[in-house]
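Listed below are the residues making up each chain.
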Amino acid sequence: MILLLLIGSVSIVSSYEYDTNGYVFFCLCMGRFGNQADHLLGSMSFAKQLNRTLIVSPFRTYKNVPFSEWFKFEELQKYHRVISAEDFMKFIAPKSWKENERIGFCWSYEPNKECNLKDGNPMENFWTELGVERFTRSVNFILSFYDYEQWRIQYPASKYPVLSFRGAPASYPVQKQDRINQKYLVWSNKIDEESQDLIKKYFDDEKFVGIHLRNGIDWLNACRDIEQYDTYMSSPQCLDGTNKKLDRNICFPSNDLILEKLEDVLVNKLNRTIRNVYIATDKNPMMKEIKSYFDKKNLNLNLVHHDPWLPVIDLAILTKSEFFIGNCVSSFTAFVVRDKILKSGSYEFWGHCCFINSFDESLMQ
């Protein structure tokens, strides 16, 4: 059915029909892109398991960034029924999700505690920029996001057509069974072309090794007591199925360890066939240290630290690397690693063995 909306004197034709199976809507607001990507992957599964249309939230920087600016929306449509948050608010909400019908959902053990989806930053700005001024009432729940049957029973679409969550209906880090959803996150033409142009500029389309360094003061503080945890942030990506424990070398490796690992990859694994290295970092790219170390090894490297204003450019470039070395605890690294697994790419982690260069389905399911 073609829906015709009249806005002023302008007619806008929409192909969207109201989905009687309901919708899932949420603020993609936790942390930076890596954390948001984890939450998106889990939320995709949640919407599909409940057979509700996923309202695809914009990513959150200092403003809302529509999904289609960074990824191809048509690829996401291959997974399940989806609609962008912007189109939902423009074409569906005016008639079927009016302001006096908006219910907010918050996880809480206190059933009578007020749930305010717009309380705090970035939640308030997230919803306001989408045109949601307020929620008229709220629901507190304690259900697991993976208890799909109870969600269907307790919150049927007939009574709760739109499940609007304060945060994503998913866990962090992303659950193992949800990692494979990344196959539907395909870079937009804009991001893909910009990353390819930079690879051409810096490496003349030659192969390169990509590395991710987390060495800012905030990361140092985050890793300070790492040994007390069994898992920490994105560490399951390298520790699942192993007997290895978290330690400082995994979370905040020393410069010496980084140089030794990079040498092992460039010299031993790649047999000096690649001399281009792309460096993504939150603080120190170690350009001088790396150059000095490898000059002594008679390996003249072409080191690049582009440091784009938009971090997803770094990610797009790293996913195109011949070999990637990243930080096991970082969700930024995790995005690249999932891409490598899906494409049978090669990767390793600082402070952790071993070389991986083939698709292992068990890492994604």
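What counts, and at which threshold
Residues numbered from 1 in each chain as written. Predicted model: local features only at pLDDT ≥ 70, side-chain atom pairs only at ≥ 80, totals over all residues. Heavy atoms only, no water. Helix = DSSP H or I, 4+ residues; strand = E, 2+ residues; numbered from the N terminus. Contact = heavy atoms within 4.5 Å. Salt bridge = Lys/Arg side-chain N within 4 Å of Asp/Glu carboxyl O. Buried < 20%, exposed > 50% of the residue type's maximum accessible area, 1.4 Å probe, protein only. pLDDT = per-residue confidence, 0-100. Patch = residues over 30% accessible without salt bridge, like charges linked within 9 Å, V, L, I, M, F, W, Y side chains within 5 Å. Areas by Shrake-Rupley, 256 points an atom, 1.4 Å probe, with all protein chains shown as cover. Core = buried A, V, L, I, M, F, W, Y, C linked by side-chain atoms within 4.5 Å.

In this section: the environment of Phe-25. Secondary-structure assignment places Phe-25 in strand E3 (residues 23-26). Spatially, the C-alpha atoms of Phe-25 and Arg-166 are 9.0 Å apart, while their sequence positions differ by 141 residues. Residues in contact with Phe-25, not counting those within four places in the same chain, are Ile-55, Ser-57, Ala-85, Phe-88, Met-89, Trp-97, Trp-127, Leu-130, Val-162, Leu-163, Ser-164 and Phe-165.

This part takes up the pattern of salt bridges. Applying the stated criterion to the full structure yields 20 salt bridges. A salt bridge links Asp-205 to Lys-200; its shortest N-O distance comes to 3.9 Å. The partly exposed category is assigned to Asp-205, whose relative accessible area is 47%. Using a relative accessible area of 44% as the deciding quantity, one classes Lys-200 as partly exposed. With a shortest N-O distance of 3.4 Å, Arg-214 and Asp-218 are connected by a salt bridge.

This next bit is on the environment of Val-267. Mapped onto the elements of the fold, Val-267 is located in helix H11 (residues 255-269). Considered as a pair, Val-267 and Lys-297 are 30 residues apart in the sequence and their alpha carbons are 9.5 Å apart.

Moving on to the confidence of the model for the protein chain. Looking at the protein chain, the pLDDT average stands at 92 and 93% of residues meet or exceed 70. Confidence drops under pLDDT 50 across residues 1-13; counting only partners more than four residues distant or on other chains, this segment forms 22 contacts.

For the rest of this paragraph, the subject is a nonpolar patch on the surface. A contiguous nonpolar surface patch, about 400 Å² in accessible area, is contributed by Trp-107, Tyr-109 and Ile-142. Here Ile-142 lies in the loop between strand E9 (137-141) and helix H6 (148-154).

This part takes up the nonpolar core. In terms of nonpolar packing, the biggest core is built from 74 residues, with Phe-105, Trp-151 and Phe-165 touching the most fellow members. Per element, the largest residue contribution to this core is seven residues, and it comes from helix H1 (residues 33-49). Excluding anything up to four places from it in sequence, Phe-165 contacts Val-24, Phe-25, Phe-26, Cys-27, Phe-46, Phe-105, Leu-117, Trp-127, Phe-141, Phe-145 and Trp-151. In this structure, Val-267, Leu-270, Ile-290 and Leu-299 belong to the second largest nonpolar core, which totals 23 residues.

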